[in-house]
Amino acid sequence: MSSDSYKTQTYLLVGLVILLTCSLPLIGNGAGAFTLFPSLSQTINRHVVYQTVTLLITLGFLWLLRHVRPLVFSEYFRKGDIAAPFKPVPALMMRPKAGQNWKQEGRDLAIVISAVTAVIIYFQVSFDQSMKVARLWSILPFSLLFAMTNAFIEECITRLGVVVALKGVIGDKALPSISAIIFGIVHYWGSPGGIAGMLAAGFLGWLLAKSILETKGIFWAWLIHFLQDVIILTALFWTD
C-alpha cells in the first residue's frame, strides 16, 4: 500500500471512530422508545436495546479493523502483558517507584478512579432515602452484565480503534490524547455529564489508551472501564 493510500485509510478510520463514538448517545436516546420486557424498568429496557445494537456494530467494526490493519490489530486486540512497565508521566504526577509496573499501577488507578467516579455520581444523582437495599441486589446483575458489554464496546471503538488507526502515523505519546478528546467531548452529554464528566472521561480515555499501548492489550483498559460502568449503571438503575 502506498504512503498516500495508507494516510487516506487512516483518515477514514479515524473519521469512522468519531462517527461511531458520536452515534452511541444517539442510539441510546433512540433505544428508549422500545420496551421489550414490561416487567423491567424503562431504563433497563433501553440498555437491553442499546447494548445489543451497539455490540453488533462493534463486532462489525472489529472485523473491519482486522481486515484493513491485521498486524496492528492482532498486536493489540488481546489481553496483553498486564505487568508491562508503566512509563512515568511527571507532568501528571505519575512517577511509579522503581520496579512498579502496570500490575501495581493498574490496580491502584482502578481503586482511585472508581472512588472519584463514585463521588461525581453521588453529587450528580438524586438519591432517595426510601430506596431499598433489596432493589439494589435485584438490579446488580443488570449492572454487571451491561458494564461488561458497555466497557467492551467503548474500549473497542474509542480506544482500540484509535490505536489501530493511528499507530505508526503519530507518536505513541500523542496518540492517547486523540482518544481523550473524542471520549471526553461525547461524555459532556453522558453520565456523568457536564464539564466534570467530560474532564473525567477525557482523562480516562487518555489513561486507557496509554494502557493499551504500553501493555499491548486491552485488559487494563477494559477492567478499569468496567468498574466505572458498574458504579454508574448501578446508580442509574437504582434511582430509576
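Below is a short write-up of the structure. (Residues numbered from 1 in each chain as written. Predicted model: local features only at pLDDT ≥ 70, side-chain atom pairs only at ≥ 80, totals over all residues. Heavy atoms only, no water.)

**Concerning the layout of surface pockets**
Considering only enclosed or pocket space, the second largest pocket measures out at about 290 Å³ in volume. Considered class by class, the residues forming the lining of the second largest pocket number 5 nonpolar, no polar and 5 charged. (1 Å grid on protein atoms, 1.4 Å probe; cavity = no way out; pocket = protein on both sides within 12 Å on 5 of 7 lines; lining within 4 Å. Points joined across faces, edges and corners; volume = space filled by probe spheres on them. Nonpolar A, V, L, I, M, F, W, Y, C, P; charged D, E, K, R; others polar.)

**Quick look at helix α8 (residues 219-238)**
Along its 20 residues, α8 runs 28 Å from first to last C-alpha, staying within 8% of the 28 Å computed at 1.5 Å per residue. With 14 of its 20 residues buried, α8 lies for the most part within the structure. (Helix = DSSP H or I, 4+ residues; strand = E, 2+ residues; numbered from the N terminus. Expected span 1.5 Å × (residues − 1). Buried < 20%, exposed > 50% of the residue type's maximum accessible area, 1.4 Å probe, protein only.)

**As for the pattern of salt bridges**
According to the stated counting rule, one finds 5 salt bridges in the structure shown. Arg107 serves as the salt-bridge partner of Asp108, at 3.1 Å between the closest nitrogen and oxygen. Residue class for Arg107 comes out partly exposed when judged on its relative accessible area of 45%. Salt-bridge contacts for Asp172 lead to Lys167; the nearest nitrogen and oxygen are separated by 2.8 Å. (Salt bridge = Lys/Arg side-chain N within 4 Å of Asp/Glu carboxyl O.)

**Overview of the packing of aromatic side chains**
This structure, assessed with the given rule, holds 7 aromatic pairs. With 4.9 Å between their ring centres and 25° between their planes, Phe73 and Phe77 make a pair best called stacked. Owing to a relative accessible area of 6%, Phe73 belongs among the buried residues under this scheme. Plain terms: the ring middles of Phe219 and Trp220 are 5.1 Å apart, the flat faces sit at 80° to each other, and that makes the pair edge-to-face. Its relative accessible area of 27% is what places Phe219 among the partly exposed residues. Connected via pairs of aromatic rings, a cluster forms that spans Phe142, Phe146 and Phe237. (Phe/Tyr/Trp six-rings, centres within 6.5 Å; stacked < 30°, edge-to-face > 60°.)

**Some remarks on unusual backbone geometry**
Outside of glycine, negative phi angles account for most residues, and trans bonds account for most peptide bonds. We note that Lys216 has phi near 55°; this positive angle belongs to a residue other than glycine. Residue position: Lys216 is located in the loop between α7 (194-215) and α8. Judged by relative accessible area, which is 30%, Lys216 ranks as partly exposed.

**Points about the nonpolar core**
Counting 45 residues, the largest nonpolar core has Tyr76, Leu160, Leu207 and Ile224 as the members making the most contacts within it. Secondary structure elements with two or more residues in this core: α1 (3-31), α2 (42-68), α3 (70-76), α4 (102-124), α5 (133-166), α6 (175-186), α7 and α8. Once you skip the residues sitting within four places of it in the chain, Ile224 turns out to touch Gly106, Ala110, Ile113, Leu204 and Leu208. Counting 11 residues, the second largest nonpolar core, distinct from the first, contains Val48, Ile139, Phe226 and Trp238. (Core = buried A, V, L, I, M, F, W, Y, C linked by side-chain atoms within 4.5 Å. Contact = heavy atoms within 4.5 Å.)

**Regarding the packing of α6 against α7**
Their axes nearest at 7 Å, the elements α6 and α7 cross at an angle of 145°. α6 and α7 meet at a crossing whose hand is right-handed. Counted together, Leu175, Pro176, Ser177, Ser179, Ala180, Phe183, Gly184 and Ile185 of α6 and Met198, Ala201, Gly202, Leu204, Gly205, Trp206, Ala209, Lys210 and Leu213 of α7 form the full contact between these two elements. (Axes fitted to C-alpha atoms, helices over the stretch in contact; angles between N-to-C directions. Left-handed = near helix turned anticlockwise from the far one by under 90°.)

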